[in-house]
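Structural overview
In case you want the letters, here they are:
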Amino acid sequence: MKDIVKFGLIGKNISYSFSEKYFTEKFRKLFLKNHSYHTFDLPSIDEIQNLLKDPTLKGFNVTIPYKEQIIPYVDELNEEAQYIQAGNTVLIKNGKRIGYNTDAFGFEQTLLLHKKEAHTQALILGNGGAAKAVKFVLEKHKIPFRVVTRTSEPNFETLPKEWVATSPIIIQCTPVGTFPNVKDCLHFPFEQLTHQHLVIDLIYNPNQTEFLLRAAQQGAKCCNGFFMLEQQAEKAWEIWNFK
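Bear in mind that the values here come from a model prediction, so they are computed numbers and not experimental data. (Residues numbered from 1 in each chain as written. Predicted model: local features only at pLDDT ≥ 70, side-chain atom pairs only at ≥ 80, totals over all residues. Heavy atoms only, no water.)

A closer look at the overall build of the protein
Scanning the protein from N- to C-terminus turns up eight helices and 11 strands. Here the C-alpha coordinates of the protein stretch approximately 60 × 35 × 30 Å along the principal axes. When each of the 243 residues of the protein is scored for burial, the buried share is 52%. Here the contacts in the protein between residues at least 6 apart in sequence split such that 68% fall between residues at least 24 apart. Carbon and sulfur atoms make up 51% of the accessible area of the protein, which totals about 12,100 Å². Each charge class in the protein can be summarised by its mean position, and for the 28 positive and 26 negative side chains these summaries are 5 Å apart. (Helix = DSSP H or I, 4+ residues; strand = E, 2+ residues; numbered from the N terminus. Buried < 20%, exposed > 50% of the residue type's maximum accessible area, 1.4 Å probe, protein only. Contact = heavy atoms within 4.5 Å. Areas by Shrake-Rupley, 256 points an atom, 1.4 Å probe, with all protein chains shown as cover. Lys, Arg positive; Asp, Glu negative; His and termini not counted. Charge placed at Lys NZ, Arg CZ, Asp CG, Glu CD.)

Regarding the UniProt feature "domain: Shikimate dehydrogenase substrate binding N-terminal" (unreviewed entry) in the protein
The UniProt record annotates "domain: Shikimate dehydrogenase substrate binding N-terminal" (unreviewed entry) at residues 9–90. A helix fraction of 26% and a strand fraction of 24% characterise residues 9–90, whose end C-alpha atoms lie 10 Å from each other. (UniProt positions renumbered as here; feature names shortened; annotations may be inferred.)

So, the pairing of strand β2 (residues 35–41)
Both strand β1 (residues 5–11) and β2 contribute to a ladder of seven bridges, which runs parallel. Bridge assignment links V5 to a residue of β2, and that residue is H35. Note that the unit made of β1, helix α1 (residues 19–29) and β2 has a crossover that is right-handed. (Pairing = 2+ DSSP bridges. Right-handed = clockwise from strand over helix to strand, strands pointing away.)

Observations concerning the sheet that holds β2
Spatially, the six strands line up as an open sheet ordered β2-β1-β3-β5-β6-β4, and their pairing is mixed. Among the strands making up the open sheet, the edge pair consists of β2 and β4 (76–77). As defined by bridge partners, strand β3 (residues 57–62) adjoins strand β5 (residues 89–93) across three bridges and the pair is classed as antiparallel. Within the sheet, the bridge partner assigned to G59 lies in β5 and is L91. Together, β1, β2 and β3 form the strand contacts of α1, whose direction differs from that of β2 by roughly 175°. (Axes fitted to C-alpha atoms, helices over the stretch in contact; angles between N-to-C directions.)

Details of the environment of K235
Tracing the chain through its elements places K235 in helix α8 (residues 226–242). A relative accessible area of 24% places K235 in the partly exposed class. Put simply, K235 and V176 are 59 residues apart on the chain and 26 Å apart in space, counted from C-alpha to C-alpha. Not counting residues within four places of it along the chain, the set of residues in contact with K235 comprises T102 and F105.

Structural notes on the pairing of strand β7 (residues 122–125)
Burial along β7 is two-sided: the residues A122 and I124 and L123 and L125 are all buried. Crossover connection from β7 via helix α5 (residues 129–140) to parallel strand β8 (residues 145–148): handedness right-handed. Across four bridges, β7 lies against strand β9 (residues 169–172) in parallel orientation. Bridged to L123 within β9 is I170.

Thoughts on the packing of helix α4 (residues 103–114) against α8
Relative to each other, α4 and α8 sit at 135°, their axes nearing to 7 Å. On the basis of their axis angle, the class for α4 and α8 is oblique. Remark: the crossing between α4 and α8 carries right-handed chirality. Residues D103, F105, G106, F107, Q109, T110 and L113 of α4 form the contact with α8, whose participating residues are F227, M228, Q231, Q232 and K235. Considering only residue class, the contact of α4 with α8 consists of five nonpolar, five polar and two charged. (Parallel < 35°, antiparallel > 145°, perpendicular 65-115°, else oblique. Left-handed = near helix turned anticlockwise from the far one by under 90°. Nonpolar A, V, L, I, M, F, W, Y, C, P; charged D, E, K, R; others polar.)

Considerations on the nonpolar core
Judged by nonpolar contacts, the single largest core of 23 residues is most densely connected at F107, V134, L138, I171 and L202. Where this core is concerned, the elements lending two or more residues are α4, β7, α5, β9 and β10 (198–201). Per element, the largest residue contribution to this core is seven residues, and it comes from α5. By size, the runner-up hydrophobic cluster in this structure holds 20 residues, among which are Y16, Y22, F27 and Y37. (Core = buried A, V, L, I, M, F, W, Y, C linked by side-chain atoms within 4.5 Å.)

With respect to the sheet that holds β9
One open sheet holds the five strands; their spatial order is β8-β7-β9-β10-β11, and the pairing between them is parallel. Two strands in the sheet have a free side with no partner beyond their single neighbour: β8 and β11 (221–223). Within the sheet, the average angular offset between the axes of one strand and its neighbour, ignoring direction, is 15°. One ladder, built from four bridges, connects β7 with β8; its direction is parallel. Bridge pairing links I124 to V147 in β8. Across the sheet, helix α7 (residues 210–217) touches β7, β9, β10 and β11, and the angle it forms with β10 is around 170°.

Okay, structure coming up:
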């Protein structure tokens, strides 16, 4: 049998993740019997040190809350990840760890699929690693944006209604509403949304978050993070195999 080739996902409280099932099925379809993918739920980023000692580990994905914290553990970042200052894919090759950001690619594909000509301004909710990838893509496509966080001014509680009314693209980048806390929802003036709005929630589990449910009730076009997830996963596979 060929040498064992191992991949995985690191994050915290990530039992809900689809990645292990996705890649296990991919390996089955490609008849890659020596390939495996594992979920590494790490209470602290420091625990990655033990994982990195495994010589069969050829690459891994990174999710909340370690997309920014992973940077000190890689030898270099590619141009996008360096600019964004967050990584979600690591390639291990010739003893070197190289960080990439495939969230940007995944979000860009999602945006291009749904964006209309009238979608000329965006409002980003959150400022973690995923939000940084979103900002990168919006800048690339010359779409102006505002960012609101729990600690910014204004914040989620004081978000001006006119910011929502004048931002036809709303991107929810926080983990609020992720399984199992599916009833949680950001404080948000949903009444300002109309059928002209595109609302993207980067969460994929559940399929329809409380945030998207309330946005849809106002007639907004809604999209979850599943397509983005598939796109970034395929980009990660491309990196692990062809870089």
